[in-house]
Amino acid sequence: MKRADFNFWRLTPFLKERFAHAIFTPVSFGEVVTKVQYGCSNLAKSEPPGVTILRMNNLQDDGWDLRDLKYIELSDNQIDTYRLYSGDLVFNRTNSKELVGKCEVFRETGDWVFASYLIRVRTNDKQLDPQFASDFLSTYTGRLQIDRFSRQIIGMTNINAEEIREILIPLPSLSKQHELVAAMDKARSQRRQKLAEADALLSSLDEFILNALDISLPSPDSRKAYAICLSQMLGERVDAYSNQPYFQKLFTTIKSSHHHLTNLGNIAELIFSGTTPLAKGDAYVDPPNGVRFVRSGEITKEGGVTPTSEVHIREEIHNEKMKRSQLKRGDILIAIVGATIGAIGIDDFNEPANINQAIAAVRISSNDVLVEYVCWYLRCSLGQGLLDYFKRPVARANINLTEVGEIPVIIPSQEIQKYIIAEVHSRREEARRLRSEAETGWQNAKRWFEEQLLGTAPL
């Protein structure tokens, strides 16, 4: 393969060194697979009919995320062409640098196909266990090869089918592969258990916050048919979605609170959003140069924002064309468009940053309201229910800035706000400890796995 890019040749000597004393002879991926295939490019939709289609977003760093599935209508021949079978390896071929080349073994049953930003690899099951391949490609040496072959284009990285065939993989006997996979499965299970405990700590904050506010949410109401009087409508919207019975009950519950009730606009100095410079323009620079360009996917589960951004913009863009969407420390970020809608976190960094149009930034100005309280109020099921009310259930759900300002906010005493924040800090710290232990254990397992194959520890 002829490559002229610097990164390819920069990493080549490192890889030669990694394989120099391999315990098991490395072979190219192409020698031990029977199929390497791009996915289907037909347009997917949110609801059936159709066959379920795996997309780029379903393959994440911690495995499969099948919460947001789409469907696609195909002919029988097309379904046969793109049908996924249990045991197929599925690669992300275009994504962020961390996710491109990420692969997982498909284990689902039924009719599934895969989208064009994915690559399906079927291994020769007499030579290569697909889970063994997936585990090796997540190691230092596996990722080093992905980095060597992949190429970056304006914030997105990609790898193609031929490059995947060129990846080298040490090849012990199948029985040895199964033995190593069993050890990794045990480590994987331990990691998932700790991560589940961390998630439970944060998810249980919901009940704590509602109890502290003395609020009981109404029971779910799944009625498909209902009628209300015009005088009972909650706002100016007359669509069926925003006037469904559950939202009627939710607003009644909020209005009955014995705490002060206002809306987000009344306690905010500023509510604003950003924009996205042209993809083919010169507004972007490679990190760490320029200014962080925060996108909704960088709002974390812990109510914060990732310290690094995959995309940076030039300082002159930040200070001129996007001057009105500059962030300040303590701004609350709310995802208001698409699949991440409702994600909320505080940008808590003393450094320049900007946002795109999928985020609303709220800068709290009231001395009676603590920023962290507002953040976790909006993150709990009460706040999420309100965001559900305001969003438009169209193909790409969205909330506008005016509606963000109209979100009702229950304001208890500062004593209660501080009580809630203290519990948030305590549980968040414990969750971080568990996640750190999970990640440390998993990285140790991957190093051990690699040592069994190459006889050396990662550089």
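(A) View of a negative patch on the surface. Taken together, the side chains of Asp 282, Glu 315, Glu 316 and Glu 320 define an acidic patch exposed on the protein surface. With respect to the helices and strands, Asp 282 occurs in the loop between strand S16 (268-273) and strand S17 (284-285).

(B) Highlighting the nonpolar core. With 53 residues, the main nonpolar core has Leu 264, Ile 334, Tyr 373, Val 374, Tyr 377 and Val 404 as its most contacted residues. Ranked by residues supplied to this core, first place goes to helix H10 (residues 371-379) with six residues. Once residues within four sequence positions are removed from consideration, Tyr 377 is found in contact with Leu 213, Leu 382, Gly 383, Leu 386, Pro 408, Val 409 and Ile 410. Formed by 38 residues, the second largest nonpolar core is a distinct cluster that contains Phe 19, Phe 149, Phe 449 and Leu 453.

(C) Structural detail: the pattern of salt bridges. A full pass over the atoms with the stated rule returns 35 salt bridges. Note that Asp 65 and Arg 67 form a salt bridge whose closest N and O atoms lie 2.8 Å from each other. A relative accessible area of 74% means that Arg 67 is categorised as exposed. A salt bridge links Arg 188 to Asp 185; the nearest nitrogen and oxygen atoms lie 2.7 Å apart. With Arg 188 and Asp 185 both in helix H6 (residues 174-203) and three residues apart, this pair spans about one turn of that helix. What makes Asp 185 partly exposed here is its relative accessible area of 37%. Members of the salt-bridge network, linked through shared partners, are Asp 199, Glu 302, Glu 429, Arg 432 and Arg 435.

(D) Layout of the sheet that holds strand S18 (residues 291-294). On the basis of which strands lie adjacent, the open sheet formed by four strands has the order S17-S19-S18-S22 and mixed pairing. Because the sheet does not close on itself, it has two edges, and the strands there are S17 and strand S22 (353-355). Across two bridges, the pairing between S17 and strand S19 (residues 312-313) is antiparallel. Bridge pairing in S19 places Val 285 opposite His 312.

(E) Seen up close, H6. Compared with an ideal rise of 1.5 Å per residue, which puts 30 residues at 44 Å, H6 spans 41 Å between its outermost C-alpha atoms and is within 8% of the ideal. Burial in H6 covers these residues: Gln 177, Leu 180, Val 181, Met 184, Ala 187, Arg 188, Arg 191, Leu 195, Ala 198 and Leu 202. Check the buried side of H6 and you find it contacts helix H3 (130-137), helix H7 (205-212), H10 and helix H13 (414-454).

(F) Spatial organisation of the side chain of Gln 145. Along the chain, Gln 145 falls in helix H4 (residues 140-149). According to the relative accessible area criterion, Gln 145 is buried, its value standing at 3%. Not counting residues within four places of it along the chain, the set of residues in contact with Gln 145 comprises Leu 15, Phe 19, Phe 136, Ile 167 and Leu 168.

(G) Spatial organisation of the pairing of strand S11 (residues 118-123). Burial runs high along S11: five of the six residues are buried. In the sheet, strand S2 (residues 33-38) pairs with S11 via five bridges, with the strands oriented antiparallel. The partner of Val 36 across the bridge, within S11, is Val 121. Judged from the four bridges that link them, strand S7 (residues 89-92) and S11 form a sheet pairing that is antiparallel. Considered in S11, the bridge of Leu 89 is made with Val 121.

(H) Up close: the packing of H3 against H6. Closest axis-to-axis distance for the H3/H6 pair is 9 Å, and the angle between their directions is 60 degrees. Judged on the interaxial angle alone, H6 and H3 are oblique. When the axes of H3 and H6 are compared, the crossing they make is left-handed. Contacts from Gln 131, Phe 132 and Asp 135 in H3 reach Gln 177, Leu 180, Val 181, Met 184 and Arg 188 in H6. Residues that form the contact of H3 with H6 fall into these classes: four nonpolar, two polar and two charged.

Parameters at a glance
Residues numbered from 1 in each chain as written. Predicted model: local features only at pLDDT ≥ 70, side-chain atom pairs only at ≥ 80, totals over all residues. Heavy atoms only, no water. Patch = residues over 30% accessible without salt bridge, like charges linked within 9 Å, V, L, I, M, F, W, Y side chains within 5 Å. Areas by Shrake-Rupley, 256 points an atom, 1.4 Å probe, with all protein chains shown as cover. Salt bridge = Lys/Arg side-chain N within 4 Å of Asp/Glu carboxyl O. Lys, Arg positive; Asp, Glu negative; His and termini not counted. Charge placed at Lys NZ, Arg CZ, Asp CG, Glu CD. Helix = DSSP H or I, 4+ residues; strand = E, 2+ residues; numbered from the N terminus. Core = buried A, V, L, I, M, F, W, Y, C linked by side-chain atoms within 4.5 Å. Buried < 20%, exposed > 50% of the residue type's maximum accessible area, 1.4 Å probe, protein only. Contact = heavy atoms within 4.5 Å. Pairing = 2+ DSSP bridges. Expected span 1.5 Å × (residues − 1). Axes fitted to C-alpha atoms, helices over the stretch in contact; angles between N-to-C directions. Parallel < 35°, antiparallel > 145°, perpendicular 65-115°, else oblique. Left-handed = near helix turned anticlockwise from the far one by under 90°. Nonpolar A, V, L, I, M, F, W, Y, C, P; charged D, E, K, R; others polar.

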